[in-house]
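Residue-level structural notes
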Amino acid sequence: MASPAGSGAADTYADAPDYHRLVEAAIARLDPDAKARLLSGQDLWSLPALPEIGLASLVMSDGPVGVRGSGWSPDDPSLTLPSPTALAASWDPALARTVGRVLAQEAHRKGVHVLLAPTINLHRSPLSGRHFEAYSEDPLLTARIGAGYVTGLQESGVAATLKHFVANDAETERFTVDNHVGEQTLRELYLAPFEEIIATARPWLLMSAYNSVNGSTMTEHRALQIGVLREEWGFDGVVVSDWLAARDTVRAIEGGLDVAMPGPHTVYGPALAAAVRNGTADETAMDEAVRHVLLLAARLGLLKGAGPAAPADRRPSPLDGAAVARDTAARSFVLLRNEGGILPLDPADDTISGDGIALIGHAARHARILGGGSATVFPGHVVSPLDGLRAALPAGTPLTWAQGADLSEGLNSAADGFTLRAVLHGADGKVLADTPLPDGRIRWMAETLPGGADFDALDSVELLGTFTPRTDGPHTFGTRGLGAFRLTVDGATLFDGLHRPADADPLEAVTGRPVPRGTVDMRAGHPVEVSLLAREPRMSYGSLRGVTFGLAHREAPGEEDRLIEEAVAAARAAHTAIVVVATTETVESEGFDRSSLRLPGRQDELVARVAAANPRTLVVVNAGAPVEMPWREDVAAVLLTWFPGEQGGAALADVLLGRAEPGGRLPTTWPARLNDAPVRQVTPQGGVLRYDEDTSIGYRAWQRHRAEPAYAFGYGQGYTTWEHEHLVLADDRTLRVRVRNTGSRPGREVVQVYVSAPEGLKGPDRRLAGFASVTADPGESVEADIALPERAFQIWDTATRNWTTRPGRYVIQVARHAMSPTLDAELHIPG
Ligand code: BGC
């Protein structure tokens, strides 16, 4: 298998010869209580120190777009990089490696040893709520990007965690769903990225998923966690549970789960020590788990006597995080349409500098830079598209902003027009703390309540203040979170009751959508008092304890017509209109799946109206996953920017004005309509989700059904044109492809290679077998070398339970994307 981002990359964090001896010596000095304690989180994010063996506490943090650290609050900001779909769109493992290095710097800054990333589940269906957080529909692209990311982290002394093992490809009923996946499909698709990254980049941890696979919950899945992972693949790292995924002491330890998180109350710790002492759990299984944790500690330099695998003086040199964030974003943007070469814009053009640019869309000013859920980090500084363009356009170029539409069909966090604070009360009515609240949303961990308030003493929390409407008419108010609430607006009680639906996700209080509670007629400019009282504010689930609820609001509807008219007028008056359309935190997030690919709110109507008013309308799509774009043929350009991280607006200006090329290619097929997508079933039936499509996901399925997506896997235009001139296939199955830049700008091309099985031979599917990127100046020819892995010619044979190479005459296609072969060759694999 190819090595990540250059050969021998994983050697930069090789184990020292004395690790084995040090680990064994440490184990010998631990009694069952200490061993069991080490396997159980001591709090939300760390494992305990064991001073008796010179072991320091090990700290973990989410991932993957930044390092959040041990808190969950804007007070502890993190460099925020583009989301995983964006990184994969670069098709550049070396860039993923650079991103890993930058994240390691952040981890060192925050005292974090283990990053809970990358997410390497696949894009089985575009409806998955966490689609933005996984790389691709293709296992090979996923593996190559993931391996680069792991390498960058670990060579910088921070451990990576492959997650979520395995088949955690949707959110609905995620804690309990039993995914039924055929053996061949599991091997060829869902296990494949785990297998390749373990072989090439040797990650130090892997996270066991919430879901079941074929009848066994993953944290207890002996066949996969021991049989496949340890015995077949030789994984020697730590298997950590997803947060709250471990359910049973004995079944988990014997099923190959090393560490149960989060603490302090888990199925390990005292429960495991007792099970070992009374003989219901096997002590050797516990020792094996301890061995894995101590080896990880040695690799990180947390075990006395062990030098870290990547010592500080051999780590890569420091990088400028903001610069990497900006460059990565630009390299991930995918140019889907560019009629008449309208992009890049020439800001020196007299007509632009005369009538200027109308920038339209809520997200143009309030950038949506990342997806929701545990992938959330808090950026210290965000460059919105408006900020980015304002800074980049020559002084004097008119630039206007109009919101155009409200993104949300539901309610938003109570931010615009609200001045709020939260008052924490004890049982006797005593005020424990009083703190301002910028967006009406409370997300506090028990240990870090405002003013150091004591969680156990907390009786109620009141969120109160004023709201000054911008619009006349009925305003809707709602609540977010679980528990007993009383909501009062302008003296009227809109809700007084309990909200605790039986089918709620266990993390509903953190990730759930707001619920509308009533409307109040209001007059613009007249402030009213609002109050939301939470009578049972303490939330706990397993070891998770905190306070999470919020006030939500939706503007009176009349406002929208006016906003759209205003945007259309701005577009008409400008030389060029740029509309930024986006999804919201209630559309793309952990905790739920989507039911539609429509852009939320009246954004489709907004784009259509603006495009009708100005033929020079460019649309920027700020979404982590596919959305329907019914107007795509009616606008001059479509640029996909994903969730671009904190420097997204600066990168957008770089790309729109031609300082950088939009370097991305789609890592996932973009359907025109949801109904065209091959896999739309993400809701379990009777607790079971059947992967009935087998290996037919993504481009493999589109090709099998001979269906046309809006944009194919691998598609993306860039700012120049290319010709694939010539192909040589060497005996060692390396392809040398000569490509020429036939356009007028320097650029980067991603050369893709697809392999198809001989006619009539059952499997393997036509699949991506390799890729390489090249850069060239106008007129220049360059060569790309791509090695074809043995796996491209193999299937998983369920009879022999092994990989088998299928002999025959294969077609090797060089392509610009999955549906546009440019050159081909034949390769005969003898029987
Ligand atoms: C997510 C994981 C995450 C963990 C800790 C879980 O809900 O599935 O990806 O690492 O929480 O935040």
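Residues numbered from 1 in each chain as written. Predicted model: local features only at pLDDT ≥ 70, side-chain atom pairs only at ≥ 80, totals over all residues. Heavy atoms only, no water.

**Focus: the sheet that holds strand β6 (residues 205-208)**
Stated precisely, the cut-off is as follows: Strands were regarded as paired on the criterion that DSSP finds at least two bridges between them. Numbering of helices and strands runs from the N terminus; a helix is a DSSP stretch of H or I covering at least four residues, while a strand is a stretch of E covering at least two. Throughout, a contact is declared for two residues whenever any of their heavy atoms are within 4.5 Å. Axis geometry follows a simple rule: fit a line to the C-alpha atoms, using only the stretch in contact for helices, then measure angles between N-to-C directions, giving values from 0 to 180 degrees.
Across the sheet, which stays open at both edges, the six strands sit in the order β1-β2-β3-β4-β6-β9 with mixed pairing between neighbours. Bordering the open sheet on either side are β1 (46-47) and β9 (238-241), each of which pairs with just one other strand. For β1 and strand β2 (residues 58-61), the ladder comprises two bridges, and the chain directions are antiparallel. Its bridge partner lying in β2, Ser-46 is registered against Val-59. Most of the contacts of helix α5 (residues 139-154) go to strand β4 (residues 159-165), to which it runs at about 145°, and overall it touches β3 (114-115) and β4.

**So, the domain arrangement of the protein chain**
What counts here: Domain extents, as shown, originate in an automatic or database domain assignment. By definition, the buried area sums, over both parts, the 1.4 Å-probe accessible area that each loses when the two are put together. Just to be clear on terms, a salt bridge is a Lys or Arg side-chain nitrogen sitting within 4 Å of an Asp or Glu carboxyl oxygen. Polar contacts here mean pairs of N or O atoms no more than 3.5 Å apart (in protein, one a potential hydrogen donor and the other a potential acceptor; neighbouring residues in sequence count only if both atoms are side-chain atoms).
Split into domains, the protein chain comes out as domain 1 (321-378 + 391-399 + 571-680), domain 2 (412-554) and domain 3 (720-829). Between the C-alpha centres of domain 1 and domain 3 there is a distance of 31 Å. On the domain 3 side, the residues contacting the five residues of domain 1 number nine residues. Summed over both partners, the interface of domain 1 with domain 3 buries about 550 Å², with 32% contributed by carbon and sulfur atoms. Taken together, the connections running from domain 1 to domain 3 amount to one salt bridge. Note that Arg-665 is salt-bridged to Glu-749, the shortest N-O span being 3.2 Å. Here domain 1 is connected to domain 3 by five residue pairs in polar contact (both at pLDDT 80 or more).

**Focus on the packing of helix α4 (residues 93-109) against helix α12 (residues 321-332)**
Rules: Convention used here: angles under 35 degrees read as roughly parallel, angles over 145 as roughly antiparallel, angles from 65 to 115 as roughly perpendicular, and any remaining angle as oblique. Definitions for this section: a left-handed crossing has its near helix turned counterclockwise from the far helix by less than a right angle. A right-handed crossing has that turn clockwise. Residue type decides the class: Asp, Glu, Lys and Arg count as charged, Ala, Val, Leu, Ile, Met, Phe, Trp, Tyr, Cys and Pro as nonpolar, and the leftover types, Gly among them, as polar.
Contact geometry for α4 and α12: axes closest at 10 Å, N-to-C directions at 150°. Our classification of the angle between α4 and α12 gives roughly antiparallel. For the pair α4 and α12, the crossing hand works out as left-handed. Contact with α4, carried on its side by Leu-95, Thr-98, Val-99 and Val-102, involves Gly-321, Val-324, Asp-327, Thr-328 and Arg-331 of α12 and no other residues of that element. Each residue belonging to the contact of α4 with α12 can be placed in one class, and the counts come to four nonpolar, three polar and two charged.

**Side note on the pattern of salt bridges**
One side chain can pair with another of opposite charge once the charged atoms of both are near each other. Our working definition: Each residue is placed in one exposure class: buried if its accessible area under a 1.4 Å probe, protein chains only, is under 20% of its type's maximum, exposed if it is over 50%, and partly exposed if it falls in between.
Taken as a whole and assessed by the stated rule, the structure comprises 56 salt bridges. Two residues, Asp-138 and Arg-700, come together in a salt bridge whose shortest N-O distance is 3.8 Å. With Asp-138 in the loop between β3 and α5 and Arg-700 in helix α20 (residues 698-704), this pair connects stretches of sequence that are 562 residues apart. Taken as a pair, Asp-138 and Arg-700 share a single burial class, namely buried. With a closest N to O distance of 3.5 Å, Glu-555 and Arg-470 form a salt bridge. Of this pair, Glu-555 sits in the loop between β24 (544-554) and α17 (558-573) while Arg-470 sits in the loop between β17 (458-467) and β18 (473-481), and the two are 85 residues apart along the sequence. Each of the salt bridges in this network shares a partner with another, and the network as a whole consists of Arg-130, Glu-133, Glu-171, Arg-174 and Glu-590.

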